[in-house]
Amino acid sequence: MKEHDRLQLIDIPRINTFVRMSREEIRQTLLDNADDILSREDKRSYILFAYQHGLAHFDRHFDSSYREDPDRILQGLIDDLCFSGPQIRVGFWARDGYLDHPSSADVPTCHEILPPWDRYSEAWVYYREFRVLSADHIDIMIDSLTKNRDQMPTDEYVTELLPLKTLSSTLRNDPVLNAAYIYDTNYRY
Amino acid sequence: MWAADFQAAKSGPLGVEPRGPVFACLVISFLGNIPLIFMWRPGQKGARRAKRRPTYFDEMFPPDLNYSDLVGEEIGVDILGNDEIPDTYWADGWLVGFCDAKRVKFDFYDGHWHDAYPTRYRLPDFHLSKSLRRVIAKNADLKTVIRPLRITTGKEELYFQHCMSQFGEVPGEQLSKRYEYITHNASRLTELCVFHPERGLIAFSIFELGAYSTYGNVAAWLPADRDRSLGTFTLLKEVEHAKSIGHVHYYLGHVYLANPSYRYKTRFPGLEIREHDTGIWHKFESERAFDLLAHERPRQMQQ
């Protein structure tokens, strides 16, 4: 298995809000969260690097970037602010249990949640291919992992199991949140 | 392994060559009355080769034949590195792998080599006939999902069962080996899974999405569900998906009518076959396609 699929918390209502935002609202949201996003190691809103050189500089770059590729800016904002928490690696047996289960056919896809990106936009190249899972799906992964614990080293089993259990309890405590199963992809077209 | 078998098949004539008469015989007697007899007879090198029955590969690769001329062509490709798209290779009849591309020109079936033609369907002309609509209606109770390909144990087991029932042999290669570099593939490797509400996964197919065309790779279904025509069902679902994302062609390997396993490909509308010599795609209804397929000549490769 050479694919590194991940699980991460996702806020679907927030995505729906972002998708409906106007140009000015996107700009304001970027500025409101600039310090938070810039402090992160992994960020997608590259436009905020211009903010470090002053508001006028940022506005100039934002205008040209938005005119050129508005989808890219929106997609960066969604990636930075609608996904939260650590990315959890999905091992073979956890993945196996979920993907072979009939309930995996009913999950909402990113194509239903995100707007259709323009084919010539960078958003089309860099968007995350994900499925939206509930706590029940995470429990299916945990069951599969437990069932096949003899197939893997004990330390690996524990390393995979604990984050999944934490994720499952987080989802059950906060009904607004879901888990995004993020596929490791290398799409270009 | 094939190259080794090919060399083994080319290694010489079969059967036992005639032996010459005994030229000399030396009898040494010692240790009382126990004789030791040494015999020598002249003959060519290898004259005493044991008799061997012709094998499948003897028929497949007669002596003095070049493997690459027989089966097709193979080239190395770097589609991602050269900023290309796989669709252009598919349109030229190539099967594109992770770092190579093969163009199959002939296939071996029933003791003969046959011309094999790449196939594709024109998706704007792909309209469902009554029988195809019936297949979809028959499987309306099943759940289908299209998503990025991931090999699971459920798919491996299903594929194994499918190969055993359809072809009477184990798969030549495990799916996990065949699709080892999913994320490095030039095309988007995609899966279609078919779930029964109670029995879970009963069929799946694997296909590739290019920039403007789709390539069908593998389909497998449970032998117990043969009546559902799940091979046709998965193909129709793939075509439906390809049309929904604006693709114009659907490729489906190669075809020749001598092999009944390939004849199902002629059941679908909008079929085209590619002539190797000219590189032209002919409509299946055209006279030229009829010539190529109907007057297909088994190749007698014995020289």
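Here the structure is a predicted model, which is why all the values come from computation and not from measurement.

## As for the overall build of chain B
A count of helices and strands for chain B gives nine helices and 15 strands. The buried share among the 303 residues of chain B stands at 43%. Long-range contacts, defined as pairs at least 24 residues apart, comprise 65% of the intrachain contacts of chain B with a sequence gap of at least 6. Surface summary for chain B: the accessible area is close to 16,400 Å², and the carbon and sulfur share equals 54%.

## Here's the deal with the sheet that holds strand β4 (residues 95–96) of chain B
Residue and element names in this part refer to chain B. Taken together, the three strands give an open sheet; going across it, the order is β3-β5-β4, and neighbouring strands pair in antiparallel fashion. The open sheet has two free edges, formed respectively by β3 (72–76) and β4, since each of these has just one partner strand. As defined by bridge partners, β3 adjoins strand β5 (residues 100–104) across five bridges and the pair is classed as antiparallel. Directly across from G76, in β5, lies its bridge partner D100.

## Examining the pattern of salt bridges
Counted by the stated rule, this structure contains 26 salt bridges over all chains. Two residues, D5 of chain A and R150 of chain B, come together in a salt bridge whose shortest N-O distance is 2.7 Å. Of this pair, D5 of chain A sits in the segment before β1 (6–11) while R150 of chain B sits in the loop between β9 (143–148) and α6 (153–167), each in a different chain. For D5 of chain A, a relative accessible area of 0% gives the class buried. Between K155 of chain B and E191 of chain B there is a salt bridge whose closest N-O contact spans 3.0 Å. A residue pair is termed long-range when its members are at least 10 positions apart, and K155 of chain B in helix α6 and E191 of chain B in strand β10 (residues 188–196) qualify at 36 residues. Shared partners join several salt bridges into a network, and the residues in it are R23, E24, R27, D59 and D63 of chain A.

## A few points about the packing of aromatic side chains
Residue and element names in this part refer to chain B. Inspection of every chain in the model, using the stated rule, returns 19 aromatic pairs over all chains. With a centroid separation of 5.9 Å and 80 degrees between ring planes, the pair formed by Y121 and F126 is classed as edge-to-face. Residue Y121 is classed as buried on the basis of its relative accessible area of 0%. With centroids separated by 5.2 Å and ring planes inclined at 75 degrees, the aromatic side chains of Y256 and Y262 adopt a geometry described as edge-to-face.

## Description of the side chain of H282 of chain B
Its place among the elements puts H282 of chain B in strand β15 (residues 281–283). A relative accessible area of 14% places H282 of chain B in the buried class.

## Some remarks on the nonpolar core
Residue and element names in this part refer to chain A. Ranked by size, the top nonpolar core spans 35 residues in total, and within it I26, L30, I78 and F130 carry the most contacts. Element by element, the count of residues in this core is highest for helix α5 (residues 70–81), at five residues. Those residues within four positions of I26 in sequence are excluded, and the remaining contacts are M21, F62, Y66, I73, L74 and L77.

## Here's the deal with a positive patch on the surface
Residues and elements named next belong to chain B. A cluster of basic residues, K130, R133, R134 and K138, forms a positive patch at the surface. Looking at where K138 falls in the secondary structure, it is placed in helix α5 (residues 130–138). K138 gets classed as partly exposed once you look at its relative accessible area, which sits at 42%.

## Overview of the state of the cysteines
One pass over the structure, following the stated rule, counts zero disulfides over all chains. Summary of cysteine pairing: C110 of chain A is not part of a disulfide, and the nearest cysteine sulfur, belonging to C82 of chain A, is at 14 Å. Residue classification places C110 of chain A among the buried positions, given a relative accessible area of 1%. The cysteine C193 of chain B is free of any disulfide, with C163 of chain B supplying the nearest cysteine sulfur at 16 Å. Of the residues examined, C193 of chain B reaches a relative accessible area of 1% and is grouped as buried.

## Digging into the confidence of the model for chain A
Of the residues in chain A, 98% reach a pLDDT of 70 or more, and the chain-wide mean stands at 90. Considering each helix and strand of chain A separately, the mean pLDDT is smallest for helix α8 (residues 122–126) of chain A, with a value of 82, and largest for helix α9 (residues 135–147) of chain A, with 95.

## Quick word on the packing of helix α6 (residues 92–99) of chain A against α9 of chain A
Residues and elements named next belong to chain A. Packing of α6 against α9 brings their axes to within 7 Å, and their N-to-C directions diverge by 125 degrees. Considered as vectors, α6 and α9 are oriented oblique to each other. For α6 against α9, the interelement crossing comes out right-handed. Contacts between α6 and α9 involve W93, A94, G97 and Y98 on the former and, on the latter, H137, I140, M141, S144 and L145. Among the residues making up the contact of α6 with α9, the classes are represented as six nonpolar, three polar and no charged.

## Quick look at the interface of chain B and chain A
At the interface, 33 residues of chain B touch 25 residues of chain A. Summing both sides of the interface, chain B and chain A together bury roughly 2,500 Å²; the carbon and sulfur share of this comes to 49%. The largest contributions to the chain B side of the interface with chain A come from R150, T183 and R188 of chain B, which together make up 29% of the buried area. At the boundary of chain B with chain A, the tally comes to two salt bridges.

## A short note on the pairing of β1 of chain A
Residues and elements named next belong to chain A. Burial analysis of β1 places five of its six residues in the buried class, which makes it a mostly covered element. Judged from the six bridges that link them, β1 and strand β4 (residues 177–182) form a sheet pairing that is antiparallel. Looking at β4, one finds that Q8 is bridged to A180. Where β1 meets strand β2 (residues 83–89), four bridges bridge the pair, whose relative direction is antiparallel. Residue I10 lies in a different strand from β2, and its bridge partner there is F83.

## Some points on the side chain of E160 of chain A
Residue position: E160 of chain A is located in helix α10 (residues 154–173). In contact with E160 of chain A, not counting residues within four places along its chain, are R89, G91, A94, L145 and M152 of chain A.

## So, unusual backbone geometry
Residue and element names in this part refer to chain B. Of note in the backbone geometry, S229 takes a positive phi value of approximately 55 degrees without being a glycine. Structurally, S229 can be placed in the loop between β12 (213–221) and α8 (230–244). Owing to a relative accessible area of 24%, S229 belongs among the partly exposed residues under this scheme.

Cut-off values and rules
Residues numbered from 1 in each chain as written. Chains lettered and ligands numbered in written order. Predicted model: local features only at pLDDT ≥ 70, side-chain atom pairs only at ≥ 80, totals over all residues. Heavy atoms only, no water. Helix = DSSP H or I, 4+ residues; strand = E, 2+ residues; numbered from the N terminus. Buried < 20%, exposed > 50% of the residue type's maximum accessible area, 1.4 Å probe, protein only. Contact = heavy atoms within 4.5 Å. Areas by Shrake-Rupley, 256 points an atom, 1.4 Å probe, with all protein chains shown as cover. Pairing = 2+ DSSP bridges. Salt bridge = Lys/Arg side-chain N within 4 Å of Asp/Glu carboxyl O. Phe/Tyr/Trp six-rings, centres within 6.5 Å; stacked < 30°, edge-to-face > 60°. Core = buried A, V, L, I, M, F, W, Y, C linked by side-chain atoms within 4.5 Å. Patch = residues over 30% accessible without salt bridge, like charges linked within 9 Å, V, L, I, M, F, W, Y side chains within 5 Å. Lys, Arg positive; Asp, Glu negative; His and termini not counted. Charge placed at Lys NZ, Arg CZ, Asp CG, Glu CD. Disulfide = S-S within 2.5 Å. pLDDT = per-residue confidence, 0-100. Axes fitted to C-alpha atoms, helices over the stretch in contact; angles between N-to-C directions. Parallel < 35°, antiparallel > 145°, perpendicular 65-115°, else oblique. Left-handed = near helix turned anticlockwise from the far one by under 90°. Nonpolar A, V, L, I, M, F, W, Y, C, P; charged D, E, K, R; others polar. Buried area = accessible area lost by both parts, 1.4 Å probe.

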